[in-house]
Amino acid sequence: GAVVSQHPSRVICKSGTSVKIECRSLDFQATTMFWYRQFPKQSLMLMATSNEGSKATYEQGVEKDKFLINHASLTLSTLTVTSAHPEDSSFYICSARDGAGTEAFFGQGTRLTVV
Amino acid sequence: ELKVEQNPLFLSMQEGKNYTIYCNYSTTSDRLYWYRQDPGKSLESLFVLLSNGAVKQEGRLMASLDTKARLSTLHITAAVHDLSATYFCAVDHNFGNEKLTFGTGTRLTIIP
């Protein structure tokens, strides 16, 4: 199956700093990627849909100025958590569909801890 | 708004037993996915169900989809410890590059 690579897998940052997470489709082009957040022992919640060459579409309740998404190429989407606070600590997972759009492939996830 | 519910939320079962996890969703969709998640890890794709009546099996797991009832099941046969994990179903909003809505998850623990 297709491969989605996410980096970094873990990051610890201080409150008030920004963190960038990368999501790459390694063997296919993805015009659309998705960013999810998962709190401990909970399900995945969609944060936003990342569209190549255009603005991301954010889900209700997600602050677009806090979670900046850039999808500058067909193989790379980035999520930047700006001015991070401890409540932003979570597991962030990206996803992309392959060309057929049948199946969704997930990155390895990024464990963000804000101290 | 699409809602996806799973039950049970927690399942503790003995090795060798059979059990079924249920996934109900609230609006029309013809695509449903099952994933496995181990602690601290991302999602592993188990099954992609693309039409009404679809049934897929892999090892001790079998998934089915009834789009008319808006119900999917994940059946576990003769459970083994290695199947301990959290299982999620996810429903496609539309065909093509559309987002998924995930179920609440079922945390499965297999007891020796």
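Every chain's residues receive numbers from 1 upward, in the order its sequence appears when written. The lettering of chains begins at A and the numbering of ligands begins at 1, in the order of writing. It should be noted that, the model being predicted, local features are given only for residues of pLDDT at least 70 and side-chain atom pairs only at 80 or more, the latter also being counted only at that level, while totals for whole chains, interfaces and linings use all residues. The side-chain numbers reported here are obtained from all heavy atoms of the structure, hydrogens and water having been left aside.

What follows covers the sheet that holds strand β1 (residues 4-7) of chain A. Residues and elements named next belong to chain A. Ordered by their spatial adjacency, 4 strands build an open sheet running β1-β3-β8-β7, and the pairing between neighbours is antiparallel. Each having just a single partner strand, β1 and β7 (67-73) make up the two edges of the open sheet. Ignoring which end each strand starts from, the neighbouring axes of this sheet average 15 degrees apart. At least two DSSP bridges between two strands are needed for those strands to be called paired. Counting from the N terminus, the helices are DSSP H or I runs at least four residues long and the strands are E runs at least two residues long. Helix axes are fitted to C-alpha atoms over the stretch in contact, other axes to C-alpha atoms as well, and angles between N-to-C directions run from 0 to 180 degrees.

Okay, the pattern of salt bridges next. In what follows, salt bridge is the name for a side-chain nitrogen of Lys or Arg lying within 4 Å of a carboxyl oxygen of Asp or Glu. Tallying each qualifying case throughout the model produces 5 salt bridges over all chains. E22 of chain A serves as the salt-bridge partner of R24 of chain A, at 3.5 Å between the closest nitrogen and oxygen. Throughout this description, buried means an accessible area under 20% of the type-specific maximum (1.4 Å probe, protein chains only), exposed means over 50%, and partly exposed covers the range between. When its relative accessible area of 35% is taken as the criterion, R24 of chain A is described as partly exposed. E59 of chain A serves as the salt-bridge partner of K99 of chain B, at 3.0 Å between the closest nitrogen and oxygen. With K99 of chain B in the loop between β9 (85-92) and β10 (100-102) and E59 of chain A in the loop between β6 (57-58) and β7, this residue pair bridges two chains. Judged by its relative accessible area of 21%, E59 of chain A falls in the partly exposed class.

On to the state of the cysteines. In what follows, a disulfide is any cysteine sulfur pair within 2.5 Å. Evaluated as defined, the whole model comprises 2 disulfides over all chains. One disulfide bridge connects C23 of chain A with C94 of chain A, the sulfur atoms lying 2.0 Å from each other. The chirality of the disulfide connecting C23 of chain A with C94 of chain A is right-handed, given an S-S dihedral of about 80 degrees. Of this pair, C23 of chain A sits in strand β3 (residues 19-25) while C94 of chain A is found in strand β9 (residues 90-97), placing the two residues 71 residues apart along the sequence. Each disulfide pairs two cysteine sulfurs, and for C23 of chain B the partner residue is C89 of chain B, the sulfurs being separated by 2.0 Å. Its S-S torsion of about 80 degrees marks the bond between C23 of chain B and C89 of chain B as right-handed, since a negative value means left-handed. Taken together, the positions of C23 of chain B in strand β3 (residues 19-25) and C89 of chain B in strand β9 put the pair 66 residues apart, joining distant regions of the chain. Side by side, C23 of chain B and C89 of chain B carry an identical accessibility label, which is buried.

Residue and element names in this part refer to chain B. Along the chain, the position of Q6 falls in strand β1 (residues 4-7). Judged by its relative accessible area of 5%, Q6 is buried. A distance of 3.1 Å separates the side chain of Q6 from the backbone nitrogen of C89, its partner in a polar contact. Aside from chain neighbours lying at most four places away, what touches Q6 is I21, Y22, C23, W34, Y87, F88, C89, G103, T104, G105 and T106. In the analysis that follows, any N or O atom pair within 3.5 Å is treated as a polar contact, provided that within protein one partner can donate a hydrogen and the other can accept it, and provided that, for residues neighboring in sequence, both atoms belong to side chains. Any pair of residues with heavy atoms lying within 4.5 Å of one another is described as a contacting pair.

At the interface, 22 residues of chain B touch 24 residues of chain A. Buried area is a sum: the accessible area each of two parts loses on coming together, probed at 1.4 Å, counted once for each and added. Regarding the contact of chain B and chain A, the summed buried area is about 1,700 Å², with carbon and sulfur atoms giving 50% of it. Our count for the contact surface shared by chain B and chain A stands at 2 salt bridges. The salt bridge partner of R97 of chain A is D92 of chain B, with a shortest N-O separation of 3.0 Å. At the surface where chain B touches chain A, the tally comes to 7 residue pairs in polar contact (both at pLDDT 80 or more). Elements with a contribution of two residues or more to the side of chain B that touches chain A: β4 (32-37), β5 (43-49), β9 and β10 of chain B. The classification used treats Ala, Val, Leu, Ile, Met, Phe, Trp, Tyr, Cys and Pro as nonpolar, Asp, Glu, Lys and Arg as charged, and all other residues, Gly among them, as polar. For the side of chain B that touches chain A, the per-class residue count stands at 8 nonpolar, 8 polar and 6 charged.

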